[in-house]
Amino acid sequence: MNQYNRSLCLNKHDFHPAKLLRFIKIGDIRTGANSSEFSGNNKADDRKSIQQNAYKFLALTLKGKWIMNIELLKQKLEQLKKRPNSSKGTIDQIENWLIGSHILQRLRINPYYVAGDTVKNVKRITSEFLHGVKAGAFDLHWDIHCPHCNMITDEFKDLADTSEMSFCPMCDREFKIDLLDRVEVTFSLNKEIEDPQLRPICDPPPVLQNKLQLITPLYCTESETVTLETGRYRYCCPLTLAKGILKVEGEETEGIQEIELKQLAGKDFDKKELFLRPGQVKIELTNTEHNLSGLILHSDELPDELTLEQLPLRLSGIQLLHHPDYKRLFGDRVISERERVKVRAITIIFTDITGSTRMYETLGDTTAYNIVRDHFEIFFESIEQFGGKVIKTIGDAVMASFISNEQAIMAAAAAVARFREYNSNRQQAEWIQVRIGIHRGTALLVNLNNAIDYFGSTVNKAARIQNLSKSDEVSFSEEVYDDQAFLTALKTAGVSEVQKRVEDLKRIQGAQVAFTARINTESVIALSAGGVAKRS
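Remember, it's a predicted structure, so these values are computed and weren't measured experimentally. (Residues numbered from 1 in each chain as written. Predicted model: local features only at pLDDT ≥ 70, side-chain atom pairs only at ≥ 80, totals over all residues. Heavy atoms only, no water.)

Caption draft 1: Expanded view of helix α5 (residues 88-100). The end-to-end C-alpha distance of α5 is 18 Å, a good match for the 18 Å that 13 residues give at a rise of 1.5 Å each. Where α5 is concerned, the buried positions are Thr90, Ile91, Ile94, Glu95, Trp97 and Leu98. Considered in projection along α5, the buried side chains sweep an arc of 160° and stay on one side of the axis. α5 presents Gly89 and Asn96 as exposed residues on the side facing more than 90 degrees away from its buried surface. Buried residues along α5 sit in contact with α4 (70-81), α6 (103-107), α7 (111-115), α8 (122-134), β1 (138-145) and β5 (183-189). (Helix = DSSP H or I, 4+ residues; strand = E, 2+ residues; numbered from the N terminus. Expected span 1.5 Å × (residues − 1). Buried < 20%, exposed > 50% of the residue type's maximum accessible area, 1.4 Å probe, protein only. Arc of directions from axis to C-beta. Contact = heavy atoms within 4.5 Å.)

The following block contains the structure:
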């Protein structure tokens, strides 16, 4: 890879210093540099002076010594450390990353990149960022990515601002927003600490076979020579939204072909369609209108849907909703009652106390109610321990959601083990025994009674599957059974055998394959939330 073919993405990739120096707005350079050097009387001299002083200015800002108010940042982080149960080591890790970062990396801060080699600390890093948002040190972003090119098409700053659809100007396609696959949660420094006023950009994923990347400040021309094979390519600027199509066809040429492009004042290049022969080509971009322009060149053969495996590790919107500190700090934030957002895959669990009616009749309302409250407390703690989110209670039943099937069964097993301990000190009439149902599939995130809820066939099927279980049994769908991580966790939970069954479920068309297992509470192994799968 040559020195220019580097990533523009604000992520884990390396950046070439010469390219990084070109990302600050010329307007900032004019403000930060000595005003006497920019007279405005001689445009040619001013352009030369801007180019020369841009590097001086950016040499100071690159490590955060000018634009970033480090003194205010340190004050905010010290305040965070005074919070009860704060992780001072994690806050120091965040501070060290910020001080050592450049401005591009800080536009959209991915917790995974701050974690570096300590990926297991992502949850704690995210927690400190969330507390930092509450304290005014950071801003929270819900970035929407195109499913075809991965460009950031839009963002919403709050759940209430979300919508069902978005549009990618690079692909000319509308798409459904998905909180798992298409919404990435990132952070940036609060504007009081740093306000670079730069549009966030994202590197094309490797599957698009990116060939070239140029960054061109105002009054500059940049070029690069690449070798292109027969095919159809897209060239575009994610900063100005200019784009065009390059067709490479015919016989290969031995000479170096040349293309000269100019960024116009609006959202266009001066040429929207180009034709070349296979071989070497020198591509030149001139920018005389925008503070900053750029050019990327990649295959125009776009995938129908980019998968998470084709993208860098990132914090999804649905993961954030399941983060315990987000629930504590921002749990009152919900989507609009008129909107709904797709979630490609979510695991839904329903639980219910068996014999609760008899318990009320035998023990009386007060005693039975207190037992049910104990049951809620135990289940809620187990659900949160393994990364789940309590959606609602319905009588003595609980509905919860999880990022993975593995988390769901680990939480269920942990709760059953605690119920066994609870029952050991009580008469049989006061025992808590539960039945559990688990299903995974697509659902819609909705606002019901001003709270987050799920709607759709996945929810209905999970509720019906729960009815197949008896005391201390868990029933689950074929979709869940096919997950190897789930089966491994099931064995850890002390399950010795699984019964396959074909059942007619109420209000669900056709016979459904389901499985039922009994959790052997005598042999439940101590479980750790650290084993939770990170991706779906």
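Caption draft 2: Layout of unusual backbone geometry. The phi dihedral of Leu241 is positive, around 70°, even though this residue is not glycine. Mapped onto the secondary structure, Leu241 falls in the loop between β8 (231-236) and β9 (243-248). Leu241 sits in the buried class, given a relative accessible area of 15%. Positive phi, normally seen in glycine, also occurs at Asn449, with a value near 55°. Mapped onto the elements, Asn449 comes out in the loop between β17 (434-448) and β18 (451-455).

Caption draft 3: Up close: the packing of helix α13 (residues 405-423) against helix α16 (residues 484-492). In the contact formed by α13 and α16, the axes pass within 8 Å of each other and the chain directions differ by 15°. Relative to α16, the element α13 is oriented roughly parallel. The interaxial crossing formed by α13 with α16 has right-handed handedness. Judged by residue contacts, Asn405, Glu406, Ile409 and Met410 of α13 engage Ala485, Phe486, Ala489 and Leu490 from α16. In terms of residue class, the contact of α13 with α16 is built from six nonpolar, one polar and one charged. (Axes fitted to C-alpha atoms, helices over the stretch in contact; angles between N-to-C directions. Parallel < 35°, antiparallel > 145°, perpendicular 65-115°, else oblique. Left-handed = near helix turned anticlockwise from the far one by under 90°. Nonpolar A, V, L, I, M, F, W, Y, C, P; charged D, E, K, R; others polar.)

Caption draft 4: Up close: the nonpolar core. Counting 70 residues, the largest nonpolar core has Phe138, Trp142, Leu179, Ile318, Leu321, Tyr326 and Tyr454 as its most contacted members. With six residues, the single largest contributor to this core is strand β14 (residues 341-353). Dropping the residues within four chain positions of it, Ile318 is found in contact with Leu179, Leu180, Val343, Ile346, Ile403 and Tyr454. Membership of the second largest hydrophobic core comes to 40 residues, among which are Met410, Ala414, Tyr422 and Leu490. (Core = buried A, V, L, I, M, F, W, Y, C linked by side-chain atoms within 4.5 Å.)

Caption draft 5: Representation of the pairing of β18 in the model. Here five bridges tie β17 to β18, and the two strands are oriented antiparallel to one another. Pairing of Val446 across the sheet is with Asp453, part of β18. (Pairing = 2+ DSSP bridges.)

Caption draft 6: Main features of the sheet that holds β9. Spatial strand order, β6-β13-β8-β9-β11: five strands in an open sheet with mixed pairing. Across the chains shown, the open sheet's two edge strands, defined by having one partner strand only, are β6 (212-217) and β11 (273-276). Geometrically, the sheet is characterised by an average inter-axis angle of 20° between neighbouring strands, direction not taken into account. In this structure, β8 lies alongside β9, joined through six bridges in antiparallel fashion. The residue bridging Cys236 from the neighbouring strand is Lys243, located in β9.

Caption draft 7: Region of the structure containing the sheet that holds strand β2 (residues 152-156). The three strands lie next to each other as β2-β1-β5, forming an open sheet whose pairing is antiparallel. The outermost strands of the open sheet, each flanked by one partner alone, are β2 and β5. Averaged over all pairs of adjacent strands, the angle between strand axes in this sheet comes to 40°, irrespective of strand direction. Here β1 runs beside β5; their pairing, made up of seven bridges, is antiparallel. Bridge assignment links Asp139 to a residue of β5, and that residue is Ser188. Relative to β1, α8 is tilted by about 115°, and along the sheet it contacts β1 and β5.

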